Structure formats: structure tokens, C-alpha cells
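These are the residues of each chain, in order.
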Amino acid sequence: MRPPAHAGPAGPLLDGLAGWPPAETADGPFALVPVDPVADLARIAAWMNDPAVAAYWELAGPAEVTAAHLHPQLTGDGRSVPCLGVLAGVPMSYWEVYRADLDPLARHYPARPHDTGLHLLLGADHRGRGLGTALLRAAADLVLTHRPRCTRVVAEPDVRNAPSVAAFLAAGFRHDGEIELPDKRAALMIRDRDLLDPL
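Description of the structure in this document. Just so it is clear, the structure is predicted and the values come from calculations on it, not from any experiment. (Residues numbered from 1 in each chain as written. Predicted model: local features only at pLDDT ≥ 70, side-chain atom pairs only at ≥ 80, totals over all residues. Heavy atoms only, no water.)

1. Concerning the sheet that holds strand E4 (residues 90-99)
The following threshold applies: Strand pairing is defined by DSSP finding a minimum of two bridges between the two strands. The numbering of helices and of strands both runs from the N terminus, where a helix is a DSSP run of H or I of at least 4 residues and a strand a run of E of at least 2. Only the stretch in contact is used when a helix axis is fitted, and all axes are lines through C-alpha atoms; the angle between N-to-C directions ranges over 0 to 180 degrees.
Spatially, E1-E2-E3-E4-E5-E6-E8-E7 is the arrangement adopted by the eight strands of the open sheet, whose pairing is mixed. The sheet terminates laterally at strand E1 (23-25) and strand E7 (174-181), the two strands that pair on one side only. Across the sheet, the mean angle from the axis of one strand to that of its neighbour is 30°, orientation sign disregarded. Direction of pairing for strand E2 (residues 28-34) relative to strand E3 (residues 80-87): antiparallel, over a ladder of five bridges.

Written as C-alpha cells, this is what we have:
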């Protein structure tokens, strides 16, 4: 596994995400690997241009559109870290792990200190097999294991994205109502720390 390309994700706001070891899943080890803005751009841009992804992420277009989305995260203070999800050595998903309590999202729900948010997209070759649920569970476990001050993992999928909401529910998140965000109506999904061991 390659090292992160920059220092941002190694900072304290997400407890050194770049150094987290993989989580074991039924399909092999799953790791969150901070994005390399050069090596990974074409892959992520291709995913963003998949119509099923573009409908919700709204980042279709040339690679420069994706680069502009990644840039503030890659050059910021580490409160949001873009990652590739690498399953059994294969980069197959894109994730954003972010401090929800430091994000504009915190104005739309009763945030707690150290709430950690997840955004996810699966590459087309890996959809429709139930992997989303397993990987959401694994990613939430990684956050809760390596961020001891975090008591909840949160997400806000578009309410129209029924498969995504269902995957969060199956991964141990609970639906905590709907919230109006500037760009969508979202389902507020919360995974509590007390579910870490039973799942």
C-alpha cells in the first residue's frame, strides 16, 4: 500500500487517519488510503462521470472538476480527508471522512464534539453485490476504533437514494430524520459507538 502523498490527513483532526490499519471483511482487508491527487485523479474522475454517481455527487465533467473538488480537502487543515477504499489490494471506492462537528453540516443537526462523517461512492464494477453495507460497517468500525473521542459516525445521503439509505441501515446506522441541506434533502444516518462490538 502506498504512503499518503501529503501531510494533511496525518494531522490531529482525524487522529492520523493515514496510519490506520485495514479492517478485516469477508471479502478481504479493507483500507482507507488518502488520495494521491496525481495518481488517483483519473480513476476518481471516471467514477464521478458514471451516471449513477453523477446524479448525486454532481461532479461529472473533465478531470479538472474532480480536481477542484479534491483540492480544498488536500490542502486544508485535515478536517476532511478524501480516500480511496482499497479492498483486498484493489482500489474500488471513493470516501470522504470528515469532522462533521466542524463542517457546515453541524448547523443542520444537533452535532456532538468529534462526530465523524462519511461520504461514499462505489465503482460500478463493485455495485449490486452487497459490498456497500459491509464496507460502511468496516469504515464506521475504523473510525470508532481509531478515534476514541468520537461517539458517533454520521452520514447524510440524499433521501432519493434508496439503495444508499438501505445500505446504511443494514450497516448498523439508524435513520434519525430528514434534514434540509443547501443542495439536497438528506436522510440523517447515525451509527453509535455502542454498536461497535455487537456488529
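2. Some thoughts on the packing of helix H1 (residues 41-48) against helix H3 (residues 63-74)
So the rule is basically this: Our angle categories are set so that under 35 degrees counts as roughly parallel, over 145 as roughly antiparallel, 65 to 115 as roughly perpendicular, and the remainder as oblique. Contact definition: two residues touch when any of their heavy atoms are within 4.5 Å. Think of it as three bins: nonpolar holds Ala, Val, Leu, Ile, Met, Phe, Trp, Tyr, Cys and Pro, charged holds Asp, Glu, Lys and Arg, and polar takes everything else, Gly as well.
The N-to-C vectors of H1 and H3 enclose an angle of 105°; their axes lie 9 Å apart at closest approach. Classified by the angle between their axes, H1 and H3 sit roughly perpendicular to one another. Contact residues: H1 offers Leu41, Ile44, Ala45 and Met48, while H3 offers Ala63, Thr66, Ala67 and Leu70. Looking at side-chain class alone, the contact of H1 with H3 contains seven nonpolar, one polar and no charged residues.

3. A short note on the side chain of threonine 133
Turning to its location among the elements, threonine 133 is positioned in helix H4 (residues 131-146). Apart from residues lying up to four places away in sequence, threonine 133 is in contact with Ala167, Ala170 and Ala171.

4. Examining the side chain of aspartate 158
As a reminder, the rule being used: What qualifies as a polar contact is a pair of N or O atoms within 3.5 Å, subject to a donor-acceptor requirement within protein and to the restriction that residues adjacent in sequence count only when both atoms come from side chains.
Structurally, aspartate 158 can be placed in the loop between strand E6 (152-155) and helix H5 (162-170). Within the structure, aspartate 158 has its side chain in polar contact with the side chain of arginine 160 (distance 2.8 Å). With sequence-adjacent residues up to four places away left out, aspartate 158 is seen in contact with Tyr56, Val165, Lys184, Arg185 and Ala186.

5. Things to note about the nonpolar core
Condition: Among the buried residues, those of types Ala, Val, Leu, Ile, Met, Phe, Trp, Tyr and Cys that are joined through side-chain atoms within 4.5 Å form a nonpolar core. Throughout, exposure labels follow a simple rule: accessible area from a 1.4 Å probe, protein chains only, divided by the maximum for the residue type, with under 20% read as buried, over 50% as exposed, and the rest as partly exposed.
Of all hydrophobic cores here, the largest spans 33 residues; its most connected members are Leu17, Phe30, Leu32, Trp95, Leu118 and Phe173. Here this core takes nine residues from H4, the largest share from any one element. Other than its neighbours up to four places away in sequence, phenylalanine 173 contacts Leu118, Leu136, Ala140, Val153, Phe168, Met189, Ile190 and Arg191. In terms of nonpolar packing, the next biggest core, distinct from the first, is built from 16 residues, Val35, Ile44, Trp47 and Leu74 among them.

6. Concerning the environment of arginine 147
Tracing the chain through its elements places arginine 147 in the loop between H4 and E6. Residue classification places arginine 147 among the buried residues on the basis of a relative accessible area of 0%. Measuring from C-alpha to C-alpha, the distance between arginine 147 and leucine 14 comes to 7.2 Å, with 133 residues separating the pair along the chain. Apart from residues lying up to four places away in sequence, arginine 147 is in contact with Leu13, Leu14, Asp15, Trp20, Arg99, His114, Thr116 and Arg193. Looking at arginine 147, its side chain comes within polar contact range of the side chain of threonine 116, at 2.7 Å.

7. Some thoughts on the packing of aromatic side chains
So the rule is basically this: Ring pairs are drawn from Phe, Tyr and Trp, using the six-membered ring of Trp, whenever the two centres fall within 6.5 Å, and their geometry is named by plane angle: stacked under 30 degrees, edge-to-face over 60, tilted for the rest.
Within this structure, the stated rule accounts for three aromatic pairs. Consider the rings of phenylalanine 168 and phenylalanine 173, whose centres lie 5.0 Å apart with planes at 85°: the pair is edge-to-face. Owing to a relative accessible area of 3%, phenylalanine 173 belongs among the buried residues under this scheme.

8. Regarding unusual backbone geometry
Within the chain, glutamate 58 stands out as a residue other than glycine whose phi angle is a positive 55°. Relative to the assigned elements, glutamate 58 resides in the loop between helix H2 (51-57) and H3. The phi dihedral of alanine 88 falls on the positive side, at around 50°, and the residue is not glycine. Under the relative-accessibility criterion, alanine 88 is labelled partly exposed at 46%.

9. A look at the pattern of salt bridges
As a reminder, the rule being used: For this document, the term salt bridge refers to a Lys or Arg side-chain nitrogen within 4 Å of an Asp or Glu carboxyl oxygen.
All chains considered together, the criterion is met by 13 salt bridges. Here arginine 160 ties to aspartate 158 by a salt bridge, and the two come within 2.8 Å at their closest N and O atoms. Ionic pairing is found between aspartate 192 and arginine 174, a salt bridge with its closest N-O pair at 2.8 Å. Of this pair, aspartate 192 sits in strand E8 (residues 184-192) while arginine 174 sits in strand E7, and the two are 18 residues apart along the sequence. Given the relative accessible area of 16%, aspartate 192 is considered buried.

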